[in-house]
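Remarks on the overall topology
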Amino acid sequence: MENVNKNRLFTASCVALLVTAMTFAIRARLETVFGPEGVGLTLEQIGWAFTPAFWGFTIAMIIGGPLVDSLGIKKITWMAFVTHAIGIIWTILAKDQTSLFIATLFVGIGNGMVEAALNPMIASMYTKNKTKMLNRFHVWFPGGIVIGSLVGWLVMDVMGLSWQIMVGVLFIPLIIYGFMFLGQNFPVTERVQMGVSNNKMLASLGKPLFIFMVLCMFLTAASELGTTQRIESLLKESVAVPLLVLAFINGIMALGRAFAGQVIHKLQPAGMLLFSAIFTFIGLWLLTITSGTMTFAAAAVFAVGVTFFWPTMLGFVAEYLPETGALGLSIMGGAGMLSVSVVLPVMGKLMDDANATEALRTMSILPAILIVAFIGLYVYMKNRKPKLEEA
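Residues numbered from 1 in each chain as written. Predicted model: local features only at pLDDT ≥ 70, side-chain atom pairs only at ≥ 80, totals over all residues. Heavy atoms only, no water.

Overview of the overall build of the chain
Summing up its helical and strand segments, the chain has 20 helices and zero strands in all. Relative to the 2.2 N^0.38 estimate, which gives 21 Å for 391 residues, the radius of gyration of the chain is 20 Å and therefore close to what a compact globule would have. For the chain, the C-alpha atoms occupy an extent of roughly 55 × 45 × 30 Å along the three principal directions. Taken over 391 residues, the chain has a buried fraction of 61%. Counted over contacts in the chain with a minimum sequence separation of 6, partners at least 24 positions apart contribute 85%. With 24 positive and 19 negative side-chain charges, the chain shows a separation of 11 Å between the mean positions of the two kinds. (Helix = DSSP H or I, 4+ residues; strand = E, 2+ residues; numbered from the N terminus. Rg over C-alpha atoms; globule rule 2.2 N^0.38 Å. Buried < 20%, exposed > 50% of the residue type's maximum accessible area, 1.4 Å probe, protein only. Contact = heavy atoms within 4.5 Å. Lys, Arg positive; Asp, Glu negative; His and termini not counted. Charge placed at Lys NZ, Arg CZ, Asp CG, Glu CD.)

The following block contains the structure:
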């Protein structure tokens, strides 16, 4: 770790994740721009146009994961910067489903490369505080969604400016994180530090516990991101400005992740995941029966549920299955985003054929399954001690 400026790299990583998160919020606002009342796409067509954000993310992580060990974290980080830039420019020029699809693909690849490079970098820099620091890093995913939601609301709804200006705001954090990474020395991944061979890493990916966590990642990510990505359509009959509900949800998530370290010590990762599944299930059901200001109360319950899902799933693998390396973390993230690419058009179809309430009720099945799965995980892990210490 000599000549590695941990603080600067961590801060730059947070800004890079901020770009990733803002694209989610801004894309949610674009649903009305390209939807039936705008360009004229159906909600199902928009679902298909948005899917590359998730399977493009998956492809980038699955390819970028093993390349992080061989090419290094630095090169993968700069791949993220370039694809982010292309995706933002292409989004500004998008006019129909095809061009929106291509733009979303580049953004998705950039987002995936960010996670593929920076999750293992943080795990390698903070080996004694992985789950804690990954939660702090992932503060900037909900934090970025809050910022992106407010940008969308201010630029389009308050100031009445064009959606292209809203998308162009993404260049600000993009340039900042590019400048902060410029000229920096990057650490090697933890697997390289440990001297774990490729064969051992690949064998570790076949462990039942890792496979179980990948399957659960499909459901945790879909519960969180499938719901929030389509917030405009899901809540347009319940509240006047759904994007403010999105900002509210992610504000709670950001606060929760900022103080995750204390919660981790009390519940341990398996307990946190069970807690999250219960509250996510209750929150989704409450969203089906509330309207007006009570929608925010239901959204708060949902937010408490999904707050710790993503970083704790990654932290669990980094803590208990470190030999899976950067590829293991990439497979986890890729599985999560792949699941969202599947549920988006399904949700769109449900809303086209039925209504938003039916879509939310269907989504609530996912955390219900997770409650059962995480009870089993909690029982299995209760006698194992996590490797967590205070920073």
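Back to the text.
Some details on a nonpolar patch on the surface
Residues Leu150, Leu154, Val158, Met159, Leu161 and Ile165 make up a contiguous nonpolar surface patch of about 500 Å² in total accessible area. No other element matches the three residues that helix H7 (residues 140–158) contributes to the nonpolar patch. If you trace the backbone, Met159 turns up in the loop between H7 and helix H8 (163–168). (Patch = residues over 30% accessible without salt bridge, like charges linked within 9 Å, V, L, I, M, F, W, Y side chains within 5 Å. Areas by Shrake-Rupley, 256 points an atom, 1.4 Å probe, with all protein chains shown as cover. Salt bridge = Lys/Arg side-chain N within 4 Å of Asp/Glu carboxyl O.)

Brief notes about the packing of helix H1 (residues 6–34) against H7
Think of two packed helices as two axes; the pair is described by the angle between the axes and how far apart they sit. Look at H1 against H7: their axes get within 7 Å of each other, and the N-to-C directions meet at 45°. By the angle between their directions, the pair H1 and H7 is classed as oblique. Remark: the crossing between H1 and H7 carries right-handed chirality. Here Cys14, Leu17, Leu18, Thr20, Ala21, Met22, Phe24, Ala25, Ile26, Arg29 and Val33 of H1 come into contact with H7, specifically with Trp140, Phe141, Gly144, Ile145, Ile147, Gly148, Ser149, Val151, Gly152, Met156 and Asp157. (Axes fitted to C-alpha atoms, helices over the stretch in contact; angles between N-to-C directions. Parallel < 35°, antiparallel > 145°, perpendicular 65-115°, else oblique. Left-handed = near helix turned anticlockwise from the far one by under 90°.)

Re the pattern of salt bridges
Applying the stated criterion across every chain, the model contains five salt bridges. Here Arg230 ties to Glu31 by a salt bridge, and the two come within 3.1 Å at their closest N and O atoms. On the criterion of sequence distance, the pair formed by Arg230 in the loop between helix H12 (208–229) and helix H13 (231–234) and Glu31 in helix H1 is long-range, its members being 199 residues apart. Assessed through its relative accessible area of 1%, Arg230 is described here as buried. One salt bridge connects Lys349 with Asp353, and the closest N-O pair in it is separated by 3.4 Å. Pair noted here: Lys349 and Asp353 are both in helix H18 (residues 325–353), with a separation of four residues, about one helical turn. The class of Lys349 is partly exposed, set by a relative accessible area of 38%.

What to know about the packing of aromatic side chains
Scanning all chains against the criterion turns up 14 aromatic pairs. Arranged with centres 5.5 Å apart and planes meeting at 65°, the rings of Phe34 and Trp163 form a pair that is edge-to-face. Remark: Trp163 occurs in helix H8 and Phe34 occurs in helix H1; sequence separation between them is 129 residues. Here Phe34 matches Trp163 in class, with each residue buried. Taking 6.1 Å as the distance between ring centres and 80° as the angle between the ring planes, the aromatic pair formed by Tyr177 and Phe181 counts as edge-to-face. Remark: Phe181 and Tyr177 occur in helix H9 (residues 171–181); sequence separation between them is four residues, near one turn of the helix. For the pair Tyr177 and Phe181, a shared accessibility class is recorded, and that class is buried. Site record: aromatic cluster; members linked through ring pairs are Trp78, Phe81, Tyr177, Phe181 and Phe186. Directly above the aromatic system of Tyr126 lies the positively charged group of Lys6, at a separation of 5.7 Å from the ring centroid. Stacked on the ring of Phe24, the Lys or Arg Arg27 has its end atom at 4.9 Å from the ring centre. (Phe/Tyr/Trp six-rings, centres within 6.5 Å; stacked < 30°, edge-to-face > 60°. Lys NZ or Arg CZ within 6 Å of the ring centre and 35° of its normal.)

A closer look at helix H20 (residues 365–381)
Each full turn of the α-helix corresponds to 3.6 residues, which orients residues three or four apart in the same direction. Here H20 contains 17 residues, and its C-alpha end-to-end distance of 25 Å stays within 8% of the 24 Å for a straight helix at 1.5 Å per residue. Buried residues of H20: Leu366, Pro367, Leu370, Ile371, Ala373, Phe374, Leu377 and Met381, and no others. (Expected span 1.5 Å × (residues − 1).)

Topic: the nonpolar core
Where a protein is soluble and globular, its nonpolar side chains tend to be buried together. By size, the foremost hydrophobic cluster in this structure holds 125 residues, and its most contacted members are Met166, Met332, Phe374 and Leu377. The residues contacting Met332, other than those within four sequence positions of it, are Phe210, Met213, Val214, Met217, Met313, Leu314 and Val317. (Core = buried A, V, L, I, M, F, W, Y, C linked by side-chain atoms within 4.5 Å.)

Here we look at the packing of helix H3 (residues 52–71) against H18
Where H3 meets H18, the closest approach of the two axes is 7 Å, and the angle between their N-to-C directions is 170°. Relative to H18, the element H3 is oriented roughly antiparallel. Across the interface between the two elements, Phe54, Trp55, Phe57, Thr58, Met61, Ile62, Gly65, Pro66, Val68 and Asp69 from H3 touch Ala326, Leu327, Leu329, Ser330, Ile331, Gly333, Gly334, Met337, Leu338, Val340, Ser341 and Leu344 from H18. Residues belonging to the contact of H3 with H18 are distributed by class as follows: 15 nonpolar, six polar and one charged. (Nonpolar A, V, L, I, M, F, W, Y, C, P; charged D, E, K, R; others polar.)

Considering the confidence of the model for the chain
Summarising the model, the chain shows a mean pLDDT of 88, and 96% of its residues fall at 70 or more. Confidence, read as mean pLDDT per element, is least for helix H10 (residues 190–194) in the chain (75) and greatest for H9 (97). (pLDDT = per-residue confidence, 0-100.)

Brief notes about helix H16 (residues 294–306)
The end-to-end C-alpha distance of H16 is 19 Å, a good match for the 18 Å that 13 residues give at a rise of 1.5 Å each. Among all positions in H16, only Thr295, Ala298, Ala299, Ala300, Val301, Phe302, Ala303, Gly305 and Val306 are buried.

A closer look at the environment of Asp352
On the secondary structure map, Asp352 appears in helix H18. According to the relative accessible area criterion, Asp352 is partly exposed, its value standing at 36%. On a C-alpha basis, the gap between Asp352 and Thr42 in space is 7.8 Å, while along the polypeptide they are 310 residues apart. From its side chain, Asp352 meets the backbone nitrogen of Glu44 in a polar contact 3.1 Å long. (Polar contact = N/O pair within 3.5 Å; in protein donor to acceptor, adjacent residues only side chain to side chain.)

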